[in-house]
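# Geometric and topological summary
What follows is the residue order along each chain.
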Amino acid sequence: MPKEQGQKMIAQNKKARHDYAIEDTFEAGLVLQGTEVKSLRQGRASLVDGFVDIDRGEAWLHGVHIPEYSQGTWTNHSARRKRKLLLHRMEIDKIERRVNEKGLTVVPLALYFKDGRAKIEIGLAKGKKTWDKRNSIAERTANREKEQAVGRYLKGMRD
């Protein structure tokens with residue numbers, strides 16, 4: 001069987017990028033059961049309520065919903081079980097130190113296959129206030145309008 005190449009996106013957590021200011025990102029492997037991998041290959045997962053907890057020097061992913069595999073039998077997994085993340089010791093220590101010092105949280109941002117292996121992108125995040133969210137929306141809108149105006153100008157359609 002040929003080895004998979006490249007990336008295949010499974011799920012993204014757009015709500016996390018809206019609700020949090022992401023300061024740093026890490027790529028981690030996941031310890032999964034066979035039926036979880038099959039369910040992910042069908043493109044079924046939700047990262048919305050997920051978070052990462054560091055317990056006794058190990059990183060654990062909580063609250064991520066990977067539905068049961070439809071053709072699975074008694075070997076099927078539970079949908080919201082906690083899953084171990086595979087990170088280097090230095091990365092775990094860095095994340096734990098920054099979470100304890102600055103009061104940051106660790107949220108999952110994206111779940112994907114990379115060269116046939118399930119990976120998750122996690123981010124060190126700081127919660128945004130309501131006015132921060134409004135500012136980022138206004139900034140995005142202003143950039144979009146600016147780009148549209150430049151595009152109209154280049155096409156010769158002046159206002």
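Each remark here, short or long, concerns the structure printed above.
What you see is a predicted model, and the numbers here were worked out from it, not measured in a lab. (Residues numbered from 1 in each chain as written. Predicted model: local features only at pLDDT ≥ 70, side-chain atom pairs only at ≥ 80, totals over all residues. Heavy atoms only, no water.)

### Description of the packing of aromatic side chains
Applying the stated criterion across every chain yields a total of zero aromatic pairs. Here Arg41 stacks its cationic end above the ring of Phe113, 4.3 Å away from the centre of that ring. Positioned above the aromatic ring of Trp60 is the side chain of Lys82, whose terminal nitrogen or guanidinium carbon lies 4.5 Å from the ring centre. (Phe/Tyr/Trp six-rings, centres within 6.5 Å; stacked < 30°, edge-to-face > 60°. Lys NZ or Arg CZ within 6 Å of the ring centre and 35° of its normal.)

### Structural notes on unusual backbone geometry
The phi torsion at Arg56 lies on the positive side, around 55 degrees, for a residue other than glycine. Following the sequence through the fold, Arg56 ends up in the loop between strand E3 (51-55) and strand E4 (58-62). Arg56 gets classed as exposed once you look at its relative accessible area, which sits at 78%. Residue Asp115 is not a glycine yet carries a positive backbone phi of 55 degrees. Structurally, Asp115 is set in the loop between strand E6 (105-114) and strand E7 (117-127). (Helix = DSSP H or I, 4+ residues; strand = E, 2+ residues; numbered from the N terminus. Buried < 20%, exposed > 50% of the residue type's maximum accessible area, 1.4 Å probe, protein only.)

### What to know about the nonpolar core
Of all hydrophobic cores here, the largest spans 26 residues; its most connected members are Leu85, Ile120 and Ile122. Broken down by element, the residue count for this core peaks at four residues, all from E7. (Core = buried A, V, L, I, M, F, W, Y, C linked by side-chain atoms within 4.5 Å.)

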